[in-house]
Amino acid sequence: MQDWKDKYASYIDKQQSSPPEPKPASGSRLTGELKTDLPELQARLGENGDLVVRDFLLFGAYPAVMLFFSSLVNMEQVREHVLKPLMAPPSGQPEILENAGGMIHYIWSTAVQVTQGTTTADLSALPQAAVKGDLILLIDGIPEALRMEMRQIEMRGVEQPQTEQVIRGPREGYVEKLENNLSLLRYRLQSTDFRIEISPLGARTQSRVALCYIDSVTDSSLVAEVMRRISLIHTDGILDAGYIEQFIEDQPLSPFPQVQSTERPDKTVAALLEGRVAILVDGSPFALIVPALFNQFFQTVDDYTERFIMGSLIRIIRLIALACSLFFPALYVSVISYNPELLPTDFAVAISGGRAGVPFPAVLEVLIMEVSMEVLREATIRLPQMIGGALSIVGVLVIGQAAVGAGLASPITVVIVALTTIGSFATPAYNAAIALRMLRFPLILLAGMFGLYGVMTGTILILNHLLYLESFGVPYMSPYIPGKWRDLKDTLVRVPLWWMRRRPSFLHARDTDRLPRSVPAAEIDQILRQGDETDE
């Protein structure tokens with residue numbers, strides 16, 4: 001915890017002291033002096049938890065420094081094939097090491113065992129080489145740096161995410177090792193502005209927690225707030241990212257999740273590019289994304305990998321399923337119990353005939369079926385996959401045909417509960433689906449007591465609660481309320497990607513543009529862009 005407090009205090013001091021100095025223009029050259037070149041290179045790379053700066057004596061006599069990102073290379077290979085031969089005394093002709101040309105030739109031809117590499121005197125090219133996975137070797141007295149390609153992305157064990165499967169999109173998911181997860185992020189986000197802060201958390205577990213953001217995009221106040229909340233965590237163990245989620249969310253008593261969890265690195269990178277912050281924990285295959293809004297929990301990667309017409313259609317169908325899973329049983333109970341005249345006569349007669357042998361009122365009948373389905377679903381999840389499949393088949397037969405035959409439920413009730421259950425499966429986020437399942441039961445009770453007035457009252461209470469919620473200072477119902485045309489382009493429907501030129505305004509990103517404004521645009525795009533500026 002103390003490390004995170006120090007990081008938070010350091011970050012606040014840095015933000016309040018003075019605006020960041022502009023980066024030096026490209027083309028600056030190495031001086032050959034370690035005390036000058038090394039601080040300059042470190043300043044350009046920024047503070048990162050996975051940045052390794054290893055100083056040593058080259059061939060036991062010449063001061064040198066090696067820089068690399070530990071999340072992008074194999075540490076064992078670096079130690080055996082680079083550091084070990086470079087630190088060993090030279091063999092053969094030591095006089096060739098007296099000049100820079102002879103030193104570099106000896107390193108390439110005799111010492112290191114790398115397949116590709118190059119030398120450069122351009123200091124501005126070194127940060128980009130480091131984030132790509134190269135080793136940077138600086139030698140005191142030589143105004144050239146050696147770049148050795150040692151990048152290795154750990155892919156073993158990386159499988160398709162179990163909870164976020166897609167039809168069209170990457171098949172990579174996080175694993176339990178933090179370095180592998182960070183390498184998946186750096187593999188997709190090759191930018192010198194990508195920042196990773198790593199510190200232990202948990203008095204006994206000392207679990208490494210990584211906070212990721214893009215320095216030139218993410219609002220500094222958001223980064224500081226995330227660091228502050230993490231620094232306030234006092235617990236003996238962090239075993240999963242879900243532990244941190246419960247400590248840092250705004251309203252822990254709300255059923256709605258205010259922190260998004262994901263198994264997908266591509267989804268995390270998309271959130272970082274919007275200006276959000278990601279949190280990863282060593283030992284957890286999930287990343288946390290903040291702030292998280294209501295709209296995010298019903299979007300999937302397929303919405304963006306498919307063309308915008310199909311993506312929007314699928315999203316609308318998903319939202320219809322959401323409404324069915326929440327309101328369908330309550331509306332059924334209220335109409336059957338209080339307002340059957342709202343149904344067509346033939347349909348009302350058919351329902352009445354189906355319920356003729358059922359001894360329970362509609363509200364109790366629906367509650368029995370809903371509870372049975374929840375028990376069946378929970379049992380199916382906890383059992384092994386093969387046994388769970390068999391149990392679900394038996395359960396459906398019992399709850400369906402046998403319940404109707406025994407007079408416990410009517411056929412129309414079974415249909416309503418089945419549609420509700422299928423609708424809840426269409427919600428992409430598991431924690432958001434649980435929230436809707438929880439709220440379904442009070443709505444059914446209100447419908448059984450007060451009819452449609454009860455459903456309306458419950459709906460108003462839920463909407464009021466959603467409007468009250470915030471996630472790290474951002475209204476939970478953004479961008480619907482407060483509405484803004486620029487942010488509404490990715491809500492109920494998704495407009496083409498080339499229309500979404502700006503990042504969401506509610507995130508207060510430092511760099512607001514996704515697409516450069518200098519790109520020639522079509523006439524209709526010019527009109528839409530003018531509309532954006534008018535909205536502001």
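Note: the structure precedes this text.
Since we're looking at a predicted model, the values are computed, not measured.

A.B. asks: For this particular structure, what's the right way to read the side chain of Thr-218?
C.D. replies: Take Thr-218: it is sitting in the loop between β7 (207-214) and α7 (220-231). For Thr-218, the residues in contact, after removing those within four places along its chain, are Tyr-213, Val-223, Gly-275, Arg-276, Val-277 and Arg-510.

A.B. asks: Looking at this model, I keep getting lost on the side chain of Glu-374. Mind explaining?
C.D. replies: Relative to the helices and strands, Glu-374 resides in helix α13 (residues 362-382). Among the polar contacts made by the side chain of Glu-374, one reaches the side chain of Arg-377 at a distance of 2.8 Å. At 2.6 Å, the side chain of Glu-374 and the side chain of Arg-437 are in polar contact. Beyond its immediate stretch of four places on either side in the chain, Glu-374 contacts Arg-437, Arg-440 and Phe-441.

A.B. asks: Could you clarify how one ought to interpret the sheet that holds strand β10 (residues 287-290) in this entry?
C.D. replies: The strands making up a sheet associate through backbone hydrogen bonding, with each pair oriented either parallel or antiparallel. If you trace the five strands from one edge of the open sheet to the other, you get β6-β7-β9-β10-β8, paired in antiparallel fashion. Two strands bound the open sheet, and with one partner strand each, they are β6 (194-201) and β8 (260-262). Taking each pair of neighbouring strands and ignoring which way they run, the sheet shows an average axis angle of 25°. Judged from the eight bridges that link them, β6 and β7 form a sheet pairing that is antiparallel. Each residue of the ladder has a partner; that of Phe-194, found in β7, is Ile-214. Where helix α8 (residues 241-248) meets the sheet, it contacts β6, β7, β9 (277-281) and β10, and its direction lies at approximately 135° from that of β9.

A.B. asks: Explain helix α11 (residues 308-337) here, please?
C.D. replies: Side chains of residues three or four places apart in an α-helix project in the same direction, reflecting 3.6 residues per turn. For α11, which comprises 30 residues, the first-to-last C-alpha distance of 43 Å matches the rise-based estimate of 44 Å (1.5 Å per residue) to within 8%. Considering bend angle alone, the principal kink of α11 is centred on Phe-327 and spans about 45°; proline Pro-329 follows within four residues of it.

A.B. asks: How do you make sense of the sheet that holds strand β4 (residues 134-139) when you look at a structure like this?
C.D. replies: The strand order β1-β2-β4-β5-β3 describes an open sheet built from five strands, whose pairing is antiparallel. Since the sheet does not close on itself, it has two edges, and those belong to β1 (51-58) and β3 (117-120), each with one partner. Adjacent strand axes in the sheet meet at a mean angle of 20° when their direction is disregarded. The pairing of β3 with strand β5 (residues 145-149) spans four bridges and is classified as antiparallel. Residue pairing for β5: Thr-119 is matched across the bridge by Leu-146. The strands touched by helix α2 (residues 34-45) are β1, β2 (62-69) and β4; relative to β2, the strand with the most contacts, the crossing angle is about 5°.

A.B. asks: Would you take a moment to explain the pattern of salt bridges for this structure?
C.D. replies: Close approach of charged atoms allows side chains with opposite charge to pair. Within this structure, the stated rule accounts for 25 salt bridges. For Glu-225, the salt bridge goes to Arg-228, with nearest N and O atoms at 2.8 Å. With Glu-225 and Arg-228 both in helix α7 and three residues apart, this pair spans about one turn of that helix. When its relative accessible area of 29% is taken as the criterion, Arg-228 is described as partly exposed. The salt bridge partner of Glu-374 is Arg-437, with a shortest N-O separation of 2.6 Å.

A.B. asks: Would you mind showing me how to read the pairing of β1 here?
C.D. replies: Every regular strand shows the same layout, with side chains that alternate between the two sheet faces. Strand direction decides the pairing type here: β1 and β2, joined by eight bridges, are antiparallel. What sits directly across from Leu-57, in β2, is Pro-63. Following β1, the chain reverses through three residues before pairing antiparallel with β2; Phe-59 in that reversal takes a positive phi of roughly 55°.

Conventions used here
Residues numbered from 1 in each chain as written. Predicted model: local features only at pLDDT ≥ 70, side-chain atom pairs only at ≥ 80, totals over all residues. Heavy atoms only, no water. Helix = DSSP H or I, 4+ residues; strand = E, 2+ residues; numbered from the N terminus. Contact = heavy atoms within 4.5 Å. Polar contact = N/O pair within 3.5 Å; in protein donor to acceptor, adjacent residues only side chain to side chain. Pairing = 2+ DSSP bridges. Axes fitted to C-alpha atoms, helices over the stretch in contact; angles between N-to-C directions. Expected span 1.5 Å × (residues − 1). Bend = angle between axes of the 7 residues up to and from the residue. Salt bridge = Lys/Arg side-chain N within 4 Å of Asp/Glu carboxyl O. Buried < 20%, exposed > 50% of the residue type's maximum accessible area, 1.4 Å probe, protein only.

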